[in-house]
Amino acid sequence: MKQAFKDKVVWITGASSGIGEALAYALSARGAKLILSSRRENELERVKANCQQPEQVKVLPLDLTDSAGLEAKVAVAIALFGQVDIMVHNGGITQRSLVADTDIEVHRRVMELDYFSYIILTKALLPHFLSRRSGHFVVTSSVMGKIGTPMRAAYAAAKHALHGYFDCLRAEVSLQGIKVTVLTPGYIRTAIYQSAVTGDGGTFGAVSQEIDNGYPADKAAEQIVKAISKGTYEAYIGRLGEERLALFVNRFLPNLLIRMMPGREPK
Ligand SMILES: NC(=O)c1ccc[n+]([C@@H]2O[C@H](COP(=O)([O-])OP(=O)(O)OC[C@H]3O[C@@H](n4cnc5c(N)ncnc54)[C@H](OP(=O)(O)O)[C@@H]3O)[C@@H](O)[C@H]2O)c1
């Protein structure tokens, strides 16, 4: 597998921290050429410098909520190395608030970032993949893309939407050489709760035990690399724990799932 990514051009959004950063290191170590995107250019430059082959890495800052500007970023990304082979849609935020306390604007904001930005980039990149009869969309969903738990309605809705959209896309383009892999991570140790949005549009900013005890991002990146290599349709990422059990129970015994959930209030 060490050579599986040699000279493949991989564009990663959300590459300035957490899962995207760890994936950049794992892919650079395997010889991939990388395009790193997120808003914070200085953090992208730091990640680039820490990659095993920084000379094979380009930084392309973007704001995923700038829907009018995203299409143009695709043309820029393709021009950087002359092609894109794998697009990893990974940038995003989570949300922490009860449905009753969540403004509709917060739902729109999460949907814009965690769902619409992915499909805008996908639509703009698809002609490039189709013309080459090759390409791979990798999409970071979440266990929350398959189940629903308290305090995450906006986030879970956006992540569920990704499954619908990308399952349809796979069904449409798989015979044209294009792959789609949807990742469903459980708790991964990253800074995700620090930027989480609250019901009134504020920032959650808190640390959480579940994330602090989460699966290490570098190990998650190794699992993601395997899933990409195999072209797995849908891959659970994380440790074999209660999140994976929840996916299983939801699939086969959905009435039981709600009884397994802890209290309805945040800790
Ligand atoms: N950690 C978990 O337990 C977990 C579990 C399931 C799924 N996930 C998913 O994994 C993905 C990565 O999250 P993470 O855990 O690695 O969290 P993270 O460390 O907070 O990373 C989030 C990334 O998204 C970027 N981002 C945020 N808003 C953006 C915007 N408006 N435009 C462009 N980029 C933006 C951030 O970069 P900038 O701030 O530089 O823009 C950062 O690189 C997300 O899709 C998340 O939903 C995480």
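In the annotation of an unreviewed UniProt entry, the chain is listed under the name SDR family oxidoreductase and assigned to Mucilaginibacter mali. A UniProt comment under Sequence similarities (unreviewed entry) is attached to the chain, and it reads "Belongs to the short-chain dehydrogenases/reductases (SDR) family."

*Asks:* Would you mind going over the environment of Glu21 with me for this structure?
*Replies:* The topology assignment puts Glu21 in helix α1 (residues 18-28). Remark: the alpha-carbon pair of Glu21 and Pro216, spanning 195 residues in sequence, is separated by 12 Å. Polar contacts involving the side chain of Glu21 include one to the side chain of Arg46, which spans 3.0 Å.

*Asks:* So what exactly am I meant to see when it comes to the UniProt feature "domain: Ketoreductase" (unreviewed entry) in the chain here?
*Replies:* Following the UniProt record, the feature "domain: Ketoreductase" (unreviewed entry) maps to residues 8-191 here. Between the end C-alpha atoms of residues 8-191 the distance is 28 Å, and the span holds 47% helix and 18% strand.

*Asks:* So what exactly am I meant to see when it comes to the sheet that holds strand β5 (residues 135-140) here?
*Replies:* The strands that make up a sheet are held in pairs by hydrogen bonds between backbone atoms, and each pair lies either parallel or antiparallel. The sheet built from 7 strands is open, its strands ordered β3-β2-β1-β4-β5-β6-β9 with parallel pairing. Every other strand in the sheet has two partners, leaving β3 (57-59) and β9 (234-237) as the edge strands with one partner each. Across the sheet, the mean angle from the axis of one strand to that of its neighbour is 15°, orientation sign disregarded. Pairing of strand β6 (residues 178-185) with β9 involves 4 bridges; the strand directions are parallel. Each residue of the ladder has a partner; that of Pro185, found in β9, is Ile237. Set on the sheet, helix α2 (residues 41-50) makes contact with β2 (33-37) and β3; between it and β3 the angle comes to about 175°.

Calculation rules
Residues numbered from 1 in each chain as written. Predicted model: local features only at pLDDT ≥ 70, side-chain atom pairs only at ≥ 80, totals over all residues. Heavy atoms only, no water. UniProt positions renumbered as here; feature names shortened; annotations may be inferred. Helix = DSSP H or I, 4+ residues; strand = E, 2+ residues; numbered from the N terminus. Polar contact = N/O pair within 3.5 Å; in protein donor to acceptor, adjacent residues only side chain to side chain. Pairing = 2+ DSSP bridges. Axes fitted to C-alpha atoms, helices over the stretch in contact; angles between N-to-C directions. Contact = heavy atoms within 4.5 Å.

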